[in-house]
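Chain by chain, the residues run as shown.
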Amino acid sequence: MPTTPSHPALDPDHALTRLPELTVVDVRTPGEYASGHLPGAHNIPLDSLERALPALRAAHGELLLVCASGARAENARAVLAGHGIPAATLTGGTRGWAARGHEVHRPRGGSRTAWAMERQVRFTAGTVVLAGLALGQLHPVWLLLSAGVAGGLVYSALTDTCGMAALLAKLPHNRPRATDLDATLAALAAPGSARG
């Protein structure tokens, strides 16, 4: 019988009981990861997943993919499934985990952390819409900026994708340092890496 999960998603309580046998991969940006993550989680941002395929294939323990709420983890699971790498996702993501009262690791020493990607998108979209409306007072063509963001948000909802999040993920505070990602990939492939 295969060792892959019979259900592609684990609820937080079930994941907690299985945590020692899981390799947890947090697919959020490094800033989001630093704001709090599951114990032992490895940070591989969603846009770095292709580079991580060999390490993920060699990882010890069943893979559990985590993000803030579950959407990016599900996207990551689909990518891995397309490469023949089985993985489960955490229902409700890190928010659901924390809401159940489970331990969340945070970096020591008050380092400034990035906002969650969803919050970054809301802030950026709101700022661009307001700028378009304000500049529209000078010339009506600027109203197209607000209309473009509105159209993008509708498209994002219909396709369950987010182009703005993809762009924001490329900002320096949302990118892993190459050395950090290399260390994470090496740790995944090391013997006994199930809990990082």
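For the structure given in this document, a descriptive report is provided here. As the structure is a prediction and not an experimental result, all values here were calculated from the model.

**A closer look at the sheet that holds strand β5 (residues 88–90)**
The strand order across the open sheet formed by five strands is β1-β5-β4-β2-β3, and the pairing between neighbours is parallel. Since the sheet does not close on itself, it has two edges, and those belong to β1 (9–10) and β3 (42–43), each with one partner. By the bridge criterion, two bridges tie strand β4 (residues 62–66) to β5 in an arrangement that is parallel. Its bridge partner lying in β5, L64 is registered against A88.

**Here we look at the pairing of strand β2 (residues 22–26)**
By the criterion of burial, β2 is predominantly enclosed, with five of the five residues buried. What you see with β2 is no split at all: L22, V24 and D26 on one side and T23 and V25 on the other are buried throughout. The sheet contact formed by β2 and β4 spans five bridges and is parallel. Across the sheet, the residue bridging to L22 is E62, located in β4. With two bridges joining them, β2 and β3 adopt parallel strand pairing. Across the sheet, the residue bridging to D26 is N43, located in β3.

**Notes on the nonpolar core**
In this structure, V25, I44, L56, L63, L65 and L80 are the most contacted members of the largest nonpolar core, which totals 20 residues. Of all the secondary-structure elements, those providing two or more residues to this core are α3 (49–58), β4, α4 (71–82) and α9 (178–189). Looking at which element gives the most residues to this core, the answer is α3, with five residues. Other than its neighbours up to four places away in sequence, L80 contacts L49, L53, L56, L63, L65, I85 and A87.

**Quick notes on the pairing of β4**
In terms of burial, β4 is a largely internal element, five of the five residues being buried. Side chains E62, L64 and V66 project from β4 onto one buried face, and the interleaved L63 and L65 project onto a second face that is buried too. The parallel pair β4 and β5 is bridged by α4, and the resulting crossover is right-handed.

**Points about a nonpolar patch on the surface**
On the surface, a nonpolar cluster with roughly 380 Å² of combined accessible area is contributed by V141, W142, L144 and L145. The residue L145 is located in helix α7 (residues 143–159) in this model. With relative accessibility at 34%, the residue L145 sits in the partly exposed group.

**A word on the packing of helix α6 (residues 117–136) against α7**
In contact at an axis separation of 6 Å, α6 and α7 are set at 150° when each is read in the N-to-C sense. Classified by the angle between their axes, α6 and α7 sit roughly antiparallel to one another. Handedness of the crossing formed by α6 with α7: left-handed. Residues A125, V128, V129, G132, L133 and G136 of α6 touch α7, and the partners they reach there are L143, L145, S146, V149 and L153. Looking at side-chain class alone, the contact of α6 with α7 contains eight nonpolar, three polar and no charged residues.

**Considering the pattern of salt bridges**
Throughout the structure, instances matching the rule amount to seven salt bridges. One salt bridge connects E32 with R72, and the closest N-O pair in it is separated by 2.8 Å. With E32 in helix α2 (residues 30–34) and R72 in helix α4, this pair connects stretches of sequence that are 40 residues apart. By the burial criterion, E32 is buried, and R72 matches it.

Rules used throughout
Residue positions are given per chain, counted from 1 along the sequence in the order it is written. Given that the model is predicted, a residue must reach a pLDDT of at least 70 before its local features are reported, and side-chain atom pairs must reach 80 or more before they are shown or counted; all residues, however, enter totals for whole chains, interfaces and linings. Side-chain numbers here rest on the full set of heavy atoms in the structure, without hydrogens or water. At least two DSSP bridges between two strands are needed for those strands to be called paired. Counting from the N terminus, the helices are the DSSP runs of H or I reaching at least four residues and the strands are the DSSP runs of E reaching at least two. Note on exposure labels: buried denotes an accessible area under 20% of the residue type's maximum, exposed denotes more than 50%, and partly exposed covers the range between, all computed with a 1.4 Å probe on protein chains only. Throughout, nonpolar core names a set of buried Ala, Val, Leu, Ile, Met, Phe, Trp, Tyr and Cys residues whose side chains join them through atoms within 4.5 Å. Contact criterion: two residues are considered in contact whenever any of their non-hydrogen atoms come within 4.5 Å of each other. Handedness of a crossover is defined as follows: orient the strands so they point away from the viewer, and if the path from the first strand over the helix to the second runs clockwise, the crossover is right-handed. Excluding any residue in a salt bridge, patches collect residues exceeding 30% relative accessible area, merging like charges within 9 Å and nonpolar Val, Leu, Ile, Met, Phe, Trp and Tyr side chains within 5 Å. Computed with the Shrake-Rupley method and a 1.4 Å probe, the accessible areas treat only the protein chains shown as cover for residues. Note on definitions: salt bridges are taken to be side-chain nitrogens of Lys or Arg within 4 Å of carboxyl oxygens of Asp or Glu. Axis geometry follows a simple rule: fit a line to the C-alpha atoms, using only the stretch in contact for helices, then measure angles between N-to-C directions, giving values from 0 to 180 degrees. Angles are sorted into four bins: roughly parallel if under 35 degrees, roughly antiparallel if over 145, roughly perpendicular if 65 to 115, and oblique for all others. Left-handed is the label given to a crossing in which the near helix is rotated counterclockwise from the far helix by less than a right angle, and right-handed is the label when the rotation is clockwise. Each residue gets one label: Ala, Val, Leu, Ile, Met, Phe, Trp, Tyr, Cys and Pro are nonpolar, Asp, Glu, Lys and Arg are charged, and the others, such as Gly, are polar.

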